[in-house]
Amino acid sequence: MLSFKRAIIFAVFFLTAFILLRQSHTSNDPEPFRKPPPQPEDSKDSHAGASHNPSTTSYTPDVAANDKSVPAQKVMQDMSKMSLHEKLAYQYPYDVETKFPAYIWQTWKYTPAHGEFTYRDQEASWTMLHPGFVHEVITDQVAVHLLKLLYAPIPEVLEAYNALPQPVLKADFFRYLILLARGGIYSDIDTQAIKSALEWIPESVPKESIGLVIGIEADPDRPDWKDWYSRRIQFCQWTIQAKPGHPVLRDIVSRITKETLKRKREGLFVSKEKSVVEFTGPAVWTDSIFDYFNDPRYFDMRSSQGNITYLNFTGIVSPKKVGDVVVLPITSFSPGVQQMGAQDYDDPMAFVKHDFEGTWKPESERHIGETK
């Protein structure tokens, strides 16, 4: 048992320790967020307030240095009052300064794990030349569920996709839809990668200034070109690289959706006058690209000498930059066709080999226009 004297001593000791401890916490209480040290006066130059993010090719604002508060979360808007084009822009905004997503998208009836998958060499070429990329071969069944996830807020797009009566129409539409929503590379299953997509854009062109990479499918400088192709210059859509939300993709998705719902009401989807090429294929794809090139919303047309047409691209042998689009020559995605100026597979500009299987076409219509 403690004596009265010892109890007084212990009480004084604990009371003193409590007072000292409380003073140590209240006299120099740390702030919830640590402030940066004051910036020396001689260090304030033109780069103050900006820091380089090594994972990107652009500069990001230094929030701490500028003493800026974190912006509030964007308020959700009522999409029911928007046009289809506005819905697509709101759902999938475009930022050219972001990186190209490391995705490779392909579609086929079977996945590579299936015994009846016959494109192993072609499919493997993309994986081998793009280590670290997410490479997906999407079947029809998976595509339906994936699009339901991506386009649930825009039901008219899903209605249009489900209304398309032929697999080739859905395959065409899917490539635009997946690139608009997720970006990356789409390439037909019968294509083989010759060079990595990291080499497609010239080193002299900053990748943060490019949002779409396309190639020329056809440049038929012959009087009867209309017997073979739909457009004098035709851009291929068997291989496309894009950043999500690109305006060209937004436009073509809007076009196909509206046209599909219109044809659904009319009860006539495809005919001789309304071919697959014009409906979802390279013809409408080419039209969307040229419309973009000549759209004053995206390009300053005041200094232009006229509309951009096929004359700006016919015969090109090296990449051509138009705004945020890189147009590759015919050799890049169509090497070895032995016509229209295309060089062979070993040419430095040969990036993708296309086998032109045209598996959706009748045998008599495959390899149209190709020199035997």
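All values reported here derive from a predicted model rather than from experimental measurement.

Focus: the overall build of the chain
- Secondary structure assignment for the chain yields eleven helices and twelve strands.
- Sorting the 372 residues of the chain into buried and exposed places 41% on the buried side.
- Pairs at least 24 apart in sequence give 69% of the contacts found in the chain among residues at least 6 apart.
- In the form shown here, the chain has an accessible surface area of approximately 21,700 Å², with 56% of it arising from carbon and sulfur atoms.

Considerations on empty space enclosed by the protein
- Taken as a whole and assessed by the stated rule, the structure comprises one cavity of 30 Å³ or more.
- Computed from the structure, the largest cavity encloses a volume of approximately 30 Å³.
- What lines the largest cavity is Val144, Leu147, Lys148, Leu158, Tyr161 and Asn162.
- Elements with a contribution of two residues or more to the lining of the largest cavity: α5 (140-150) and α6 (155-163).

What to know about the packing of aromatic side chains
- The full count for this structure, using the stated rule, is 18 aromatic pairs.
- Through pairs of rings, three or more aromatic residues link up here, namely Phe235, Phe290, Tyr292, Phe293, Tyr298, Phe299 and Phe313.
- Of note, Lys243 hangs over the ring of Phe100, and the distance from its end group to the ring centre comes to 4.8 Å.
- A cation over an aromatic ring shows up here: Arg263 above the ring of Phe279, its NZ or CZ 3.8 Å from the ring centre.

What about the nonpolar core?
- By size, the foremost hydrophobic cluster in this structure holds 64 residues, and its most contacted members are Tyr151, Phe173, Phe235, Trp285 and Phe293.
- If one sorts the elements of this core by residue count, helix α7 (residues 167-182) sits on top with ten residues.
- The next biggest cluster of nonpolar side chains, apart from the first, holds 19 residues, and it includes Trp126, Trp200, Val213 and Val352.

Description of the layout of surface pockets
- A volume near 250 Å³ is recorded for the second largest pocket.
- Lining the second largest pocket are 13 residues, and of these Lys99, Phe100, Leu198, Lys207 and Gln241 lie nearest its centre.

Remarks on the side chain of Gln122
- Looking at the secondary structure, you find Gln122 in helix α4 (residues 120-129).
- Here Gln122 is in contact with Ile189, Asp190, Thr191, Gln192 and Asp355, once residues within four sequence places are set aside.

So, the packing of α6 against α7
- Axis separation between α6 and α7 bottoms out at 9 Å; the angle between their running directions is 155°. Viewed along their axes, α6 and α7 adopt a mutual orientation that is roughly antiparallel. Handedness of the α6/α7 crossing: left-handed. Here Val157, Ala160, Tyr161 and Asn162 of α6 lie close against α7, whose contacting residues are Lys170, Phe173, Phe174 and Leu177.

Re the packing of α7 against helix α8 (residues 247-266)
- α8 packs onto α7 with a crossing angle of 140° between their chain directions and a minimal axis gap of 9 Å. The angle between the axes of α7 and α8 places the two elements in the oblique class. Between α7 and α8 the crossing geometry is left-handed. Of the residues in α8, those touching α7 at Phe173, Tyr176, Leu177, Leu179 and Leu180 are Leu249, Arg250, Ile252, Val253, Ile256 and Thr257.
- Broken down by class, the residue content of the contact of α7 with α8 amounts to nine nonpolar, one polar and one charged.

Topic: unusual backbone geometry
- Notably, Gln338 is not glycine yet its phi reads approximately 60°, a positive angle.
- Take Gln338: it is sitting in the loop between α11 (330-333) and β12 (352-354).
- Despite not being glycine, Met340 shows a phi value in the positive range, around 55°.
- Counting through the fold element by element, Met340 comes out in the loop between α11 and β12.

Some remarks on the pattern of salt bridges
- Overall, the coordinates contain 16 salt bridges when judged by the stated rule.
- Asp221 serves as the salt-bridge partner of Arg232, at 3.7 Å between the closest nitrogen and oxygen. Taken as a pair, Arg232 in the loop between β7 (212-218) and β8 (234-235) and Asp221 in the loop between β7 and β8 lie far apart in primary sequence, eleven residues in all.
- For Arg232, a relative accessible area of 12% corresponds to the buried category.

Comments concerning α6
- For α6, the set of buried residues is Glu156, Val157, Leu158, Ala160, Tyr161 and Ala163.
- Looking at the buried side of α6, the elements it contacts are α3 (84-91), α5, α7 and α8.

Considering the confidence of the model for the chain
- Averaged over all residues, the pLDDT of the chain equals 82, while 74% of them reach at least 70.
- The low-confidence segment residues 23-72 (pLDDT under 50) makes 21 contacts with residues lying over four places distant or belonging to another chain.
- For residues 359-372, every residue scores under 50 in pLDDT, and the model assigns this stretch 21 contacts once sequence neighbours within four places are set aside.

What about the side chain of Arg263?
- If you trace the backbone, Arg263 turns up in helix α8.
- Within polar-contact distance, the side chain of Arg263 engages the side chain of Glu259 at 2.8 Å.

Quick notes on the rules
Residues numbered from 1 in each chain as written. Predicted model: local features only at pLDDT ≥ 70, side-chain atom pairs only at ≥ 80, totals over all residues. Heavy atoms only, no water. Helix = DSSP H or I, 4+ residues; strand = E, 2+ residues; numbered from the N terminus. Buried < 20%, exposed > 50% of the residue type's maximum accessible area, 1.4 Å probe, protein only. Contact = heavy atoms within 4.5 Å. Areas by Shrake-Rupley, 256 points an atom, 1.4 Å probe, with all protein chains shown as cover. 1 Å grid on protein atoms, 1.4 Å probe; cavity = no way out; pocket = protein on both sides within 12 Å on 5 of 7 lines; lining within 4 Å. Points joined across faces, edges and corners; volume = space filled by probe spheres on them. Phe/Tyr/Trp six-rings, centres within 6.5 Å; stacked < 30°, edge-to-face > 60°. Lys NZ or Arg CZ within 6 Å of the ring centre and 35° of its normal. Core = buried A, V, L, I, M, F, W, Y, C linked by side-chain atoms within 4.5 Å. Axes fitted to C-alpha atoms, helices over the stretch in contact; angles between N-to-C directions. Parallel < 35°, antiparallel > 145°, perpendicular 65-115°, else oblique. Left-handed = near helix turned anticlockwise from the far one by under 90°. Nonpolar A, V, L, I, M, F, W, Y, C, P; charged D, E, K, R; others polar. Salt bridge = Lys/Arg side-chain N within 4 Å of Asp/Glu carboxyl O. pLDDT = per-residue confidence, 0-100. Polar contact = N/O pair within 3.5 Å; in protein donor to acceptor, adjacent residues only side chain to side chain.

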